[in-house]
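The chain contents come next:
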Amino acid sequence: MRALKIIFWVLWRVWFYILMAIPILVMFPFLVASILRESSYPYFFKMARIWAKCILFGMGFRYTVERDQEMEIGKSYMIVANHTSMTDIMLMLAITKNPFVFVGKKELSKIPLFGFFYKRTCILVDRGSTKSRMEVFDRAQKRIKQGLSICIFPEGGVPDDESIVLDSFKDGAFRLAVEHQIPIVPMTFADNKERFSYTFLSGSPGLMRVKLHHHVETKNKVEADRKQLKEQLWNLIYQQLLKFEASKIKN
């Protein structure tokens, strides 16, 4: 039985990377055309959402979203969520209609084909470089001024220890939100670690639950409020993760 599971996991993981490539190849000329100018980014974003949904569907993932508050079309937000899986990227794209730009680690730009578009459309950060982290703010500010939203996973990456429920948050997302007085949209992803973690021989098709919380306003907030905002958002997402886990045990 264990041998059959290992065969399934290997083939399923390989299928994931094939699925990442197929929609890109099909839409390649349109994707290239949409990244030639920054003003065309909303068209790229629409195709990125199709790409994400193809992967989720093809992997056997289905998702449900409980929304406390909708996002207004044409308004800029700072979107934050817990981060446990590569599928967080796909799920975020699938459930969010407002065009946003990811702030993500530069290592993902090395993935063949995917990396070509990733490094041309996302804001890349080298977390070991202070200069790189400062450049992120300049690029994010430019995108916000263009009317786009920003998405940051404030843990700064996926924790190496999978027993960690929610790692500590970095300051970047909250600093940007305060500086630009844009609302923060917190989301909690319940099942992505179980569905598709970074442990190779693990995971399964199934449900991905999402909670889209009430927006947290930053209007009239100042730099001194950043720490309080960070703690507030961490506690909100952490408590929701505990609720998700309790409901799973009950069922």
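What this report covers is the structure whose coordinates are included nearby. This is a predicted model, so every value here is computed, not measured.

### Focus on the pattern of salt bridges
- For the structure shown, the criterion picks out nine salt bridges.
- In this structure, Glu 66 and Lys 211 form a salt bridge, with 2.8 Å as the shortest nitrogen-oxygen distance. Residue Glu 66 is located in strand E1 (residues 61-67), and its partner Lys 211 is located in strand E7 (residues 206-212); the two are separated by 145 residues in the primary sequence.
- The class for Lys 211 is buried, based on a relative accessible area of 9%.
- For Arg 226, the salt bridge goes to Glu 223, with nearest N and O atoms at 2.7 Å.
- Here the salt bridges share partners, and the residues they tie into one network are Asp 171, Glu 223, Arg 226 and Lys 230.

### Observations regarding a nonpolar patch on the surface
- A contiguous nonpolar surface patch, about 710 Å² in accessible area, is contributed by Ile 6, Val 10, Val 14, Trp 15, Ile 18, Ile 22, Val 26, Phe 200 and Leu 201.
- By the secondary structure assignment, Trp 15 is in helix H1 (residues 2-26).
- On the basis of relative accessible area, Trp 15 is assigned to the partly exposed category, the value being 35%.

About the criteria used
- Residues numbered from 1 in each chain as written.
- Predicted model: local features only at pLDDT ≥ 70, side-chain atom pairs only at ≥ 80, totals over all residues.
- Heavy atoms only, no water.
- Salt bridge = Lys/Arg side-chain N within 4 Å of Asp/Glu carboxyl O.
- Helix = DSSP H or I, 4+ residues; strand = E, 2+ residues; numbered from the N terminus.
- Buried < 20%, exposed > 50% of the residue type's maximum accessible area, 1.4 Å probe, protein only.
- Patch = residues over 30% accessible without salt bridge, like charges linked within 9 Å, V, L, I, M, F, W, Y side chains within 5 Å.
- Areas by Shrake-Rupley, 256 points an atom, 1.4 Å probe, with all protein chains shown as cover.

Structural measurements only, silent on function.
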